[in-house]
Amino acid sequence: MKKRAFDKGIFAFPYMILSAIFIIFPLVLVLVYAFRGVDGKFTFDNFAQVFTNPTNYMLILKTIGIALITTAICLLIAYPVAFVLASSHFNKHTILALLFIIPMWMNFVLRMYALQSLLNMINVKDSFWAAIIGMVYDYLPFMLLPIYTSLVNMDKSYVEASRDLGGGDVQTFFRITFPLSVPGIISGILMVFMPTFSSYAITDILGGTEASVIGGKINTLFGERLTWGLGSALSFILLVIVIVVMVAGNLITRASNKAKSDAADNSIVGGRIR
Amino acid sequence: MAENTVALKAGAEKFDKIIEIRNVTKVFDDVTVVDDMSLSIKRGDFVTLLGPSGCGKTTLLRMIAGFETPTKGSIFLEKQDVTAIPPHKRPINTVFQKYALFPHLNVYNNIAFGLKLAKVDGEPKKDKKTGELKPTLRKYTKDEIRGKVERALKIVGLEGYGSRDVNSLSGGQQQRVAIARAIVLEPKVLLLDEPLGALDLKMRKEMQIELKNIHRNLGITFVYVTHDQEEALTMSDKIVVINDGVIQQIGTPKKIYDEPANAFVADFIGESNILSGTMIADFKVSFCDKIFECEDKGFAKNEKVDLVIRPEDIKLHKQGSGKSELQGKVISSVFKGTDYEMIVDTGMYEFTVQSTKEFPVDSLVEFSVEPNAIHIMKKLRTINTFITTVTGENTVEICGGDFEFDNSFGFEKGERVRVSVPFDKIELTDDEADGVIGGNIGQSYYKGAYYQVQVYTDDDRDFYLDTHDEWDIDDRVGIVIPPQGIIVEKYVETDEEEKTEETTEEVSGESE
């Protein structure tokens, strides 16, 4: 056997360089700006301003609320759909699963304006709930896919074993299928909650004045008012909240991972900022 | 199936037959996996469904469990038709091939799963209005469940393992949990789908003995599926040999081994020499140009037969011993632990011989066979028959291809005919394009001096043929039939059914 000339780790270098430039460096910048006063000296002023302004609390709560409602609705819609799609009757027809993915191929802004026109046609004005509809529409595939994957990869013999041991359809679902799909549900929740928490474009377009979120405020602080220090401090707080949620999610996954479902390996965690 | 019908009448009153399968057929996407099977299983027996992979044995088991519904036919459990009853309502439990232990539950909860769902007879309740005693159902209490689970764990030798995570167990231990989970519900029938397939040899041997003990102690009926003939011979009270969705033979291990019904069974059950011979007269058979005494009679004079001689039944002697006329040369010898396995070439057939005494390679030997060691079987088939249509001036359709034939009787285009092709008139070509139609080699048996080969054609009908060449299973081949090899006769449609069904006629003898 020939001895390997170089370490396989070398293939990770390009990504490491990219992430250093585009992930770690910007984060450091955010941190630096957050603790830097107008005079360029170290200060806690920015944080003090954020915490003393009651509208910020309201905004953060509202954002969490929107993210939670969106995630919950996505879960309620996606689970039954994933369950039907993963059943042996349908899973031969990939086309059905594709139908849920195809909207993702279209430009996101275009999709939102199209949705706005549709909603206006049926007399739904830009509002909090219109924003929720937009969020659900946009993030549903991120909930659907992990749940679908965990269901479709589940060994069918578990269901058969349950039926063999006297379990009817309902009992089999609640005692076997559902518990074994929990890792997929958690991935789905994380993949919807994270980005909805930091997104502001949808609420901007569809929410009117009712649904301004923390992401929008950060945008204003950076773009219009040029108060980068304040914006950075707020971003940093947002980041901490997201990390807390992520860690909590991972802990729950690990606990239910004792169930070592084959579909468990896709607890992808990530956020998209729009 | 005559034997079963008689037994059915005798045992009907005593509920002797716990399972009865009546003319069950299962078709998946136009492929017939189980073909008109009938079978009955005696209460308390250890019955093994034995056959190569894809023969339909697992499908049959799944139909008994209720996971599949027969396309045709019905399944009875204790005289009750259960064909349409879903699996969770059948008093039957299964040990799955890969165990299917629930990964999110520990050993205790896996075994208790069925008990927690079960409903048992409770205290009869008095109806308030009429005062009648009404039967009620209740769930098992926690204590009852604990008692049952602990007893099941004890039976499979896993006491104290209740709180263990199923993923932390070894293959053998998981296997035991799977068995415990199935027997804790005290099913009437326990189905086992190749349960030992994933275990190593030593573990497998241990589990075989243990399963046999569990069967003896519980007294419930076991239906066991395997492709391992040795496993089947060791464990079963009765073996059902299945091939191509058809039952080949049903019998005790000894009967199946000593008196295989046909070449397939002989070949599948253990090492054997299968060769072609001719019945000269009652008790006299000729093979390898020599005449031997045998114990079979009732064949036509000079009828061609298949015969089986087990390797351990052949006695070898030094050349010149005068014990036998049949001579051969040892061409290989391998020590197999307790005895030597030698290949002896007689010029007509290469015999496999097992003997404790070794004869060196290249030495000349004579060998004798006791009359009762020669087992004679009717030849299953010698001719392929198709009901088909003349497609041209001198061509006829067979399995989707147009074959030329000698049209001296002047059959007209479109006429329905019966076409017969003897096994030895068909030629196979390496290149599919050289043949009129293509096909895949299904099975091949060495019959002494020639191979009998089954070819699956693309339109799902099979060709049987005799050839001198050895072909590998699944090889893609072309099929050629010389015009003089095709016998075409006028076909008169008598029966509605025959219009649609075109079959390879079985000149079957001893097959069930």
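Residues numbered from 1 in each chain as written. Chains lettered and ligands numbered in written order. Predicted model: local features only at pLDDT ≥ 70, side-chain atom pairs only at ≥ 80, totals over all residues. Heavy atoms only, no water.

Considerations on the overall build of chain A
Logical step 1: Each helix and strand in chain A was counted, giving 11 helices and zero strands.
Logical step 2: Ordering the α and β elements of chain A from the N terminus gives α-α-α-α-α-α-α-α-α-α-α.
Logical step 3: Among the 274 residues that make up chain A, the fraction classed as buried is 42%.
Logical step 4: Within chain A, counting contacts between residues at least 6 apart in sequence, those at least 24 apart form 75% of the total.
Logical step 5: Just so you have it, chain A exposes about 15,500 Å², and 71% of that area is on carbon and sulfur atoms. (Helix = DSSP H or I, 4+ residues; strand = E, 2+ residues; numbered from the N terminus. Buried < 20%, exposed > 50% of the residue type's maximum accessible area, 1.4 Å probe, protein only. Contact = heavy atoms within 4.5 Å. Areas by Shrake-Rupley, 256 points an atom, 1.4 Å probe, with all protein chains shown as cover.)

Re the sheet that holds strand S3 (residues 46–50) of chain B
All names here are of chain B.
Logical step 1: Strands sit in the order S6-S11-S12-S3-S13-S14 across an open sheet of six strands; the sheet is mixed. At either margin of the open sheet sits one strand with a lone partner, and together these are strand S6 (92–95) and strand S14 (246–251). Across the sheet, the mean angle from the axis of one strand to that of its neighbour is 20°, orientation sign disregarded.
Logical step 2: With five bridges connecting them, strand S13 (residues 238–243) and S14 associate as antiparallel partners. Pairing of Val240 across the sheet is with Ile250, part of S14.
Logical step 3: Packed on one face of the sheet, helix H2 (residues 57–65) meets S3, S6, strand S11 (189–193), strand S12 (221–226) and S13 and runs near 150° to S11. (Pairing = 2+ DSSP bridges. Axes fitted to C-alpha atoms, helices over the stretch in contact; angles between N-to-C directions.)

Some words on the side chain of Ser232(A)
Logical step 1: As for its position among the elements, Ser232(A) is in helix H11 (residues 228–257).
Logical step 2: In contact with Ser232(A), other than residues within four places in its own chain, are Val30(A), Tyr33(A), Ala34(A) and Phe222(A).

With respect to the interface of chain B and chain A
Logical step 1: With 23 residues of chain B at the interface, the matching set in chain A holds 19 residues.
Logical step 2: Taken together, both faces of the contact between chain B and chain A bury some 2,000 Å²; the carbon and sulfur share is 61%.
Logical step 3: Of all residues in chain B, His88(B), His104(B) and Leu117(B) give up the largest surface area on contact with chain A, accounting jointly for 30% of the area buried on that side.
Logical step 4: For the pair chain B and chain A, the number of links is one salt bridge.
Logical step 5: As a salt-bridge pair, Glu160(A) and Arg62(B) come within 2.6 Å of each other at their nearest N and O atoms.
Logical step 6: On inspection of chain B and its partner chain A, the count reaches five residue pairs in polar contact (both at pLDDT 80 or more).
Logical step 7: The element that contributes the greatest number of residues to the side of chain B that touches chain A is helix H3 (residues 107–117) of chain B, accounting for four residues.
Logical step 8: Tallied by class, the residues present in the side of chain B that touches chain A amount to 13 nonpolar, six polar and four charged. (Buried area = accessible area lost by both parts, 1.4 Å probe. Salt bridge = Lys/Arg side-chain N within 4 Å of Asp/Glu carboxyl O. Polar contact = N/O pair within 3.5 Å; in protein donor to acceptor, adjacent residues only side chain to side chain. Nonpolar A, V, L, I, M, F, W, Y, C, P; charged D, E, K, R; others polar.)

A closer look at the sheet that holds strand S16 (residues 284–287) of chain B
All names here are of chain B.
Logical step 1: The antiparallel open sheet is built from five strands, whose spatial order is S17-S16-S15-S18-S24. Of all strands in the sheet, those with a lone pairing partner are strand S17 (290–293) and strand S24 (374–378), marking the two edges. Each adjacent strand pair in this sheet contributes to an overall mean axis angle of 45°, direction not counted.
Logical step 2: One ladder, built from three bridges, connects strand S15 (residues 273–281) with S16; its direction is antiparallel. The residue of S16 that forms the bridge with Met279 is Val285.

Looking at the confidence of the model for chain A
Residues and elements named next belong to chain A.
Logical step 1: When pLDDT is averaged across chain A, the result is 81; 87% of the residues are at 70 or more.
Logical step 2: Considering each helix and strand of chain A separately, the mean pLDDT is smallest for helix H4 (residues 94–101), with a value of 70, and largest for helix H7 (residues 156–164), with 92.
Logical step 3: Contacts of residues 260–274 to residues separated by more than four positions or lying in other chains number 37 contacts, the stretch itself having pLDDT below 50. (pLDDT = per-residue confidence, 0-100.)

Let's talk about the environment of Ser74(B)
Residue and element names in this part refer to chain B.
Logical step 1: Among the structural elements, Ser74 can be located in strand S4 (residues 72–77).
Logical step 2: Judged by its relative accessible area of 18%, Ser74 falls in the buried class.
Logical step 3: Along the sequence, Ser74 and Val156 sit 82 residues apart, while their C-alpha atoms lie 34 Å from each other.
Logical step 4: Look past the residues within four positions of Ser74 in its chain and what remains in contact with it is Glu20, Ile21, Arg22, Val24, Asp81 and Thr83.

Re the environment of Arg111(A)
Residue and element names in this part refer to chain A.
Logical step 1: Here Arg111 is to be found in helix H5 (residues 108–121).
Logical step 2: Taking the C-alpha atoms as reference points, Arg111 and Gly134, separated by 23 residues in sequence, lie 9.2 Å from one another.
Logical step 3: If sequence neighbours within four positions are ignored, Arg111 has contacts with Pro103, Met104, Met106, Tyr137 and Asp138.
Logical step 4: Within polar-contact distance, the side chain of Arg111 engages the side chain of Asp138 at 2.6 Å.

Notes on helix H2 (residues 45–52) of chain A
Logical step 1: All of the buried residues along H2(A) are Asn46(A), Phe47(A) and Val50(A). The buried residues of H2(A) occupy an angular sector of 95° when projected down its axis, which confines them to one face. (Arc of directions from axis to C-beta.)

Details of H7(A)
Logical step 1: Here H7(A) lies mainly inside the structure; seven of its nine residues are buried.
Logical step 2: Here H7(A) has its buried residues at Ser157(A), Tyr158(A), Glu160(A), Ala161(A), Ser162(A), Arg163(A) and Asp164(A).
Logical step 3: On its buried side, H7(A) packs onto helix H8 (169–198) of chain A together with H2, S6, H3 and helix H5 (171–183) of chain B.
Logical step 4: Following H7(A) by one or two positions, Gly166(A) has its phi on the positive side, about 105°.

Considerations on the pairing of strand S23 (residues 364–369) of chain B
Residues and elements named next belong to chain B.
Logical step 1: Most of S23 sits inside the fold, with five of its six residues counted as buried.
Logical step 2: By the bridge criterion, five bridges tie strand S19 (residues 314–318) to S23 in an arrangement that is antiparallel. Bridge pairing in S23 links Leu316 to Phe367.
Logical step 3: One ladder, built from three bridges, connects strand S20 (residues 327–335) with S23; its direction is antiparallel. What sits directly across from Gly328, in S23, is Val365.

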